[in-house]
8 protein chains.
Amino acid sequence: MRESGDAFHLAIPARDLDEAHEFYVGGLGCKLARRYGDRITLDFFGDQVVCHLSAKFERAPELYPRHFGVTFRSIEDYDRLVHLAETRGLRFYAKPFTRFETMVEEHSSFVLQDPSNNLLEFKHYSDPRMMY
Amino acid sequence: MRESGDAFHLAIPARDLDEAHEFYVGGLGCKLARRYGDRITLDFFGDQVVCHLSAKFERAPELYPRHFGVTFRSIEDYDRLVHLAETRGLRFYAKPFTRFETMVEEHSSFVLQDPSNNLLEFKHYSDPRMMY
Amino acid sequence: MRESGDAFHLAIPARDLDEAHEFYVGGLGCKLARRYGDRITLDFFGDQVVCHLSAKFERAPELYPRHFGVTFRSIEDYDRLVHLAETRGLRFYAKPFTRFETMVEEHSSFVLQDPSNNLLEFKHYSDPRMMY
Amino acid sequence: MRESGDAFHLAIPARDLDEAHEFYVGGLGCKLARRYGDRITLDFFGDQVVCHLSAKFERAPELYPRHFGVTFRSIEDYDRLVHLAETRGLRFYAKPFTRFETMVEEHSSFVLQDPSNNLLEFKHYSDPRMMY
Amino acid sequence: MRESGDAFHLAIPARDLDEAHEFYVGGLGCKLARRYGDRITLDFFGDQVVCHLSAKFERAPELYPRHFGVTFRSIEDYDRLVHLAETRGLRFYAKPFTRFETMVEEHSSFVLQDPSNNLLEFKHYSDPRMMY
Amino acid sequence: MRESGDAFHLAIPARDLDEAHEFYVGGLGCKLARRYGDRITLDFFGDQVVCHLSAKFERAPELYPRHFGVTFRSIEDYDRLVHLAETRGLRFYAKPFTRFETMVEEHSSFVLQDPSNNLLEFKHYSDPRMMY
Amino acid sequence: MRESGDAFHLAIPARDLDEAHEFYVGGLGCKLARRYGDRITLDFFGDQVVCHLSAKFERAPELYPRHFGVTFRSIEDYDRLVHLAETRGLRFYAKPFTRFETMVEEHSSFVLQDPSNNLLEFKHYSDPRMMY
Amino acid sequence: MRESGDAFHLAIPARDLDEAHEFYVGGLGCKLARRYGDRITLDFFGDQVVCHLSAKFERAPELYPRHFGVTFRSIEDYDRLVHLAETRGLRFYAKPFTRFETMVEEHSSFVLQDPSNNLLEFKHYSDPRMMY
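Read on for an overview of the structure. (Residues numbered from 1 in each chain as written. Chains lettered and ligands numbered in written order. Predicted model: local features only at pLDDT ≥ 70, side-chain atom pairs only at ≥ 80, totals over all residues. Heavy atoms only, no water.)

Attention now goes to the overall build of chain A. In terms of regular secondary structure, chain A is built from two helices and eight strands. Reading chain A from its N terminus to its C terminus gives the helix and strand order β-α-β-β-β-β-α-β-β-β. Taking 2.2 N^0.38 as the reference for a compact globule, 132 residues should give roughly 14 Å; the C-alpha atoms of chain A span a radius of gyration of 15 Å, in line with that estimate. Counting only C-alpha atoms and orienting by the principal axes, one finds that chain A spans roughly 50 × 35 × 30 Å. The buried share of chain A, reckoned over its 132 residues, is 61%. Surface exposure of chain A reaches about 4800 Å², of which carbon and sulfur atoms provide 49%. Looking at chain A, you have 17 positive and 21 negative side-chain charges, and the mean spots of the two groups are 4 Å apart. (Helix = DSSP H or I, 4+ residues; strand = E, 2+ residues; numbered from the N terminus. Rg over C-alpha atoms; globule rule 2.2 N^0.38 Å. Buried < 20%, exposed > 50% of the residue type's maximum accessible area, 1.4 Å probe, protein only. Areas by Shrake-Rupley, 256 points an atom, 1.4 Å probe, with all protein chains shown as cover. Lys, Arg positive; Asp, Glu negative; His and termini not counted. Charge placed at Lys NZ, Arg CZ, Asp CG, Glu CD.)

Let us now look at the arrangement of the chains. The smallest C-alpha distance separating chain B from chain E is 19 Å, and no contact links them. Regarding chain A and chain F, which are not in contact, the minimum distance between any of their C-alpha atoms is 19 Å. (Contact = heavy atoms within 4.5 Å.)

Next up on the list: the interface of chain C and chain D. Listed by partner, the interface residues are 50 residues for chain C and 50 residues for chain D. For the pair chain C and chain D, the two sides together bury roughly 4600 Å², of which 53% comes from carbon and sulfur. The largest share of the area that chain C buries against chain D comes from Arg2(C), Phe8(C) and Tyr132(C), three residues that together contribute 20% of it. Viewed at the interface, chain D and chain C are joined by six salt bridges. Of the charged contacts, one joins Arg2(C) and Asp47(D) as a salt bridge, the two residues approaching to 2.7 Å between their closest N and O atoms. Counting the contacts that link chain C with chain D gives 30 residue pairs in polar contact (both at pLDDT 80 or more). Mapped onto the side of chain C that touches chain D, the elements with two or more residues apiece are strand 1 (7–14), strand 2 (31–35), strand 3 (39–44), strand 4 (47–53), strand 5 (67–72) and strand 8 (119–125) of chain C. The dominant element in the side of chain C that touches chain D, judged by the number of residues it contributes, is strand 1 of chain C, at seven residues. The pairing of strand 5 of chain C with strand 1 (residues 7–14) of chain D spans five bridges and is classified as antiparallel. Each bridged residue has a counterpart across the sheet, and for Val70(C) the counterpart in strand 1 of chain D is Phe8(D). (Buried area = accessible area lost by both parts, 1.4 Å probe. Salt bridge = Lys/Arg side-chain N within 4 Å of Asp/Glu carboxyl O. Polar contact = N/O pair within 3.5 Å; in protein donor to acceptor, adjacent residues only side chain to side chain. Pairing = 2+ DSSP bridges.)

In this structure, the largest pocket encloses a volume near 2400 Å³. Contributing to the lining of the largest pocket are 39 residues, with Ser4(A), Ser4(B), Ser4(C), Ser4(D) and Ser4(G) lying nearest its centre. Considered class by class, the residues forming the lining of the largest pocket number nine nonpolar, 11 polar and 19 charged. Size it by volume and the second largest pocket reaches roughly 1000 Å³. In this structure, the second largest pocket is lined by 48 residues; those nearest its centre are Asp43(A), Met1(B), Lys31(C), Asp43(C) and Met1(D). Those elements giving two or more residues to the lining of the second largest pocket turn out to be strand 5 (67–72) and helix 2 (75–87) of chain A together with helix 2 (75–87) of chain C. Across the lining of the second largest pocket, the residue classes tally to 18 nonpolar, eight polar and 22 charged. (1 Å grid on protein atoms, 1.4 Å probe; cavity = no way out; pocket = protein on both sides within 12 Å on 5 of 7 lines; lining within 4 Å. Points joined across faces, edges and corners; volume = space filled by probe spheres on them. Nonpolar A, V, L, I, M, F, W, Y, C, P; charged D, E, K, R; others polar.)

This part takes up unusual backbone geometry. That bond from Tyr64(F) to Pro65(F) is cis: its omega, 5°, falls within 30 degrees of zero. By the secondary structure assignment, Pro65(F) is in the loop between strand 4 (47–53) and strand 5 (67–72). A positive phi angle, near 70°, is found at Asn117(B), a position not held by glycine. Among the structural elements, Asn117(B) can be located in the loop between strand 7 (107–113) and strand 8 (119–125). Here Phe100(C), not a glycine, exhibits a phi torsion of approximately 60°, which is positive. If you trace the backbone, Phe100(C) turns up in the loop between strand 6 (92–99) and strand 7 (107–113).

This brings us to the relation of the copies chain B and chain C. For the pair chain B and chain C, the superposition axis carries a translation of 0.0 Å, the fit reaches an RMSD of 0.0 Å, and the rotation angle comes to 90°. Taken together, the rotation angle and the small translation identify this as a four-fold axis. Using C-alpha coordinates, one finds that chain B approaches the rotation axis most closely at Ser4(B), a distance of 9.3 Å. (Least-squares fit on C-alpha atoms with pLDDT ≥ 70 in both.)

Following the criterion strictly, the structure yields 108 aromatic pairs over all chains and no others. When the ring centre of Tyr132(D) is taken as origin, the NZ or CZ atom of Lys31(A), which lies over that ring, is 3.9 Å away. Seen from the ring of Phe57(D), Arg59(D) lies directly overhead, with NZ or CZ sitting 3.8 Å from the centre. (Phe/Tyr/Trp six-rings, centres within 6.5 Å; stacked < 30°, edge-to-face > 60°. Lys NZ or Arg CZ within 6 Å of the ring centre and 35° of its normal.)

Our next topic: the pattern of salt bridges. Close approach of charged atoms lets side chains of opposite charge pair. All chains considered together, the criterion is met by 98 salt bridges over all chains. Several salt bridges converge on common partners, so that one network encompasses Arg2(A), Asp47(A), Arg2(B) and Asp47(B).

Attention now moves to empty space enclosed by the protein. For the coordinates displayed, the defined rule picks out 12 cavities of 30 Å³ or more. The calculated volume of the largest cavity comes to roughly 1000 Å³. Around the largest cavity, the lining is made up of 50 residues, and of these Met1(E), Asp43(F), Met1(G), Lys31(H) and Asp43(H) lie nearest the centre. When residues of the lining of the largest cavity are traced back to their parent elements, those giving at least two are strand 5 and helix 2 (75–87) of chain F together with strand 5 (67–72) and helix 2 (75–87) of chain H. Taken together, the residues of the lining of the largest cavity sort by class into 19 nonpolar, eight polar and 23 charged.

Note on placement: Arg80(D) falls in helix 2 (residues 75–87). For Arg80(D), a relative accessible area of 24% puts it in the partly exposed group.

This part takes up the pairing of strand 1 of chain D. For a regular strand, side-chain orientation follows a simple rule: the groups alternate between the two sheet faces. Residue and element names in this part refer to chain D. Of all the eight residues making up strand 1, eight are buried; the element is thus mostly covered by neighbouring parts of the structure. Residues Ala 7, His 9, Ala 11 and Pro 13 of strand 1 are buried on one face, and the alternating residues Phe 8, Leu 10, Ile 12 and Ala 14, pointing to the opposite face, are buried as well. Where strand 1 and strand 4 (residues 47–53) come together, six bridges link them in parallel fashion. In the sheet register, His 9 faces strand 4, and the bridge partner there is Gln 48.

The structure is reproduced here in structure tokens:
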């Protein structure tokens, strides 16, 4: 189990900061921590995501080998995020589905696509010990 | 503050899984959760990092716009990791330095480079409220 | 001791939302949760403060009977906020001082004034049992 | 998420301290921490509310721009407070209602009025990420 | 380790409720939860103590076999209470002393006497495993 | 809410230590921390109870003004203790009943009698805020 | 209740380290912390188990007097482990059964056998106070 | 990090239960949970150790491959246990020493021997991430 006082941080490209702000704060419900001319820093489900203004964003996104997201311990948190994404019309790269059914590693998953083509996967495992 | 029961997860490319295993488990001291033919999943400081075997790894790594890591709440955890990286001879992309000195956002930082050229930044902020 | 899952929430007037945003996010280091045409909602040290655009802001602020703020358990958190307020040039209504010295209720305190003349008092008690 | 060791504190006017004591301790079930000639300090759901004897209380209370209260994480805590307020005959400024229905920001809410016309709003959000 | 959500509760006699209120709230800094005609209920360091108006209070108090109190995990909490008791002139039945010196069970202790002759012992053990 | 690292401690009389050991450890399921010639110290639901060998035990026990016990946050913990007391045939001074029904202070309660006539009351409140 | 920051550690014999790795990591879902020539160290449900290569493993395992395992607080965790063991075809020394039925000490239990004949018992008690 | 609500449990042989009780409760300061004719169950630093009366105890104890103990997160807890073992004259199989000095895996360690020749190792790592 991770330390609640620490934070994972991830830096990703954004082709436009207003767009990123609109997607992460107005859409996903993250909080804006700071905004500079070349980046915005976000409280992303308790961890830090920084969107750097950059031309090096992905043009043709694929799920592998790069994506990021949150694995929720409780199915309620997962379901609420599905609901939020649907209610607010966020863009799905992959609709909610089940992977590894009947196996111990079984989990629910869906993938969102941000305006700069970063892919965000959110998951929930039937058995939380399989979260890693 | 993040929920200790949830986990951030990040998928990154690896050009060779044995190499990745050696760097993350034998070097950084992460724990190996599972190994498949095409990927290894790691307990990375309490969060999940998955190394996918892939030819799409970075050849000429730059710190922006893509990197990831952990921001530690306690300076002791940060210092111990510096010590571990030096003792075990991990490859530094950037040696420990201080950014934004005299400002409230002041923090210590260093950057490691894994065998597939992924960049890992570890940080500690003088004022933990600036962690985001 | 309060429940960490709940949140205190406080609604206050703001004569201008950009000004409020600049003071609370850019200055105090709070996080912006949402912005609407008539208000901004903030993650204020873990609790919720909402600034409502309103002409009913105070013209001649006095500390009593209305003010709000945070009482910190650790002196380090208090000192860091003094440092932040000084470094970033926030407006002090009252500089750091000690109240009730030699008594059990002794505490450190300072008061900030936001652009709409709301007064924010931050405190630290020598004996945390006196925080109430 | 807030630190459970810290406390939000709020100072409000009271036209009469016995009345305030009766409402907050005898009615709302807060605990009395201290009483002085000019104020009472309360443990208000784990945070600190201080009622200062003052002639500057509101004569014609309106919900905006000033009110305060608690946003509960669990619906059980919210429902119990509705039950308490009804059982003990506390004065409602607004009966329990739902705001932003069908939206992600949907929440239950009710508003109490203390004897000095301070308005207290208690809330519960369907999605706790919207608490801010 | 005890559950923080539960509470120990103890009922003791009081020859006079105002006196008890003055000692426990005004003196020891406990919080008053409720007052009825025949008793007051207190938040006593997080647990519940109820003072029942009764003629069956002790006339000639002895430490054994009946007393109660708190064993603090941190020496700072213990020292602060000594300071509070001295500053506010509470009545000591036994001044701070050390018991079982040089043994593993070594602990600091002092005993207060309330107006109804109930004895309150507060302790701190060098080795917290000996708290039981 | 109380600190989980601290412990309430209570000293009570016992006319016979083997009897007390049998009741508290073999019956109530407390853990024995230490035994001396003149007393046994117990981990009583996470707090400390010490039974001192003494002739000053109560001959004709009454619930007021002296008794002690635990107020459980969860009804499951309360119900399990009722079940334990019935299964193991502990002596009830008062069978489970409801006090203050229809009021906010409503709670379930039962009272056990130990071999030295100390009375132990265990409670559960419908509204945990009324635990004090 | 145990300290979550500490860890129980147990050293056991293994006749073959690959076999042990396969059973504990691939089967039970433990995480591999380190591997040396003569041992592997595991994060076993949050505690540490070390498998030492040794010829002193048990040839004819019996449940008494030596076995080890985890007692789960929640029945969900227990049931998930039963499901995992069945789905992955781990070897049962004893199938799930109930011990001490109708008594307060009632608990569910099953026993696995690792490739070196170490016996692992997993339990869940109806009344968590009986876990010791 | 392990779950504080779960418990590791370990069953070991004891050639004599009174001896085991004396060593674990009177010596190490563990708490006695229950005693039956053929075993005693202990709260061993928050986990469960059961001593089963058995002739299968070790005659010539060796540290490998079987031993058990606790790895402490804080050096204070480790030092206090060294002090306890020395003060109370417990039998050392190995006096406190340092293993893997100058390496990241460096840790302090000592080994006690119980009356049935079970070996108990207690450790503290300079870097808590190496605890596994």
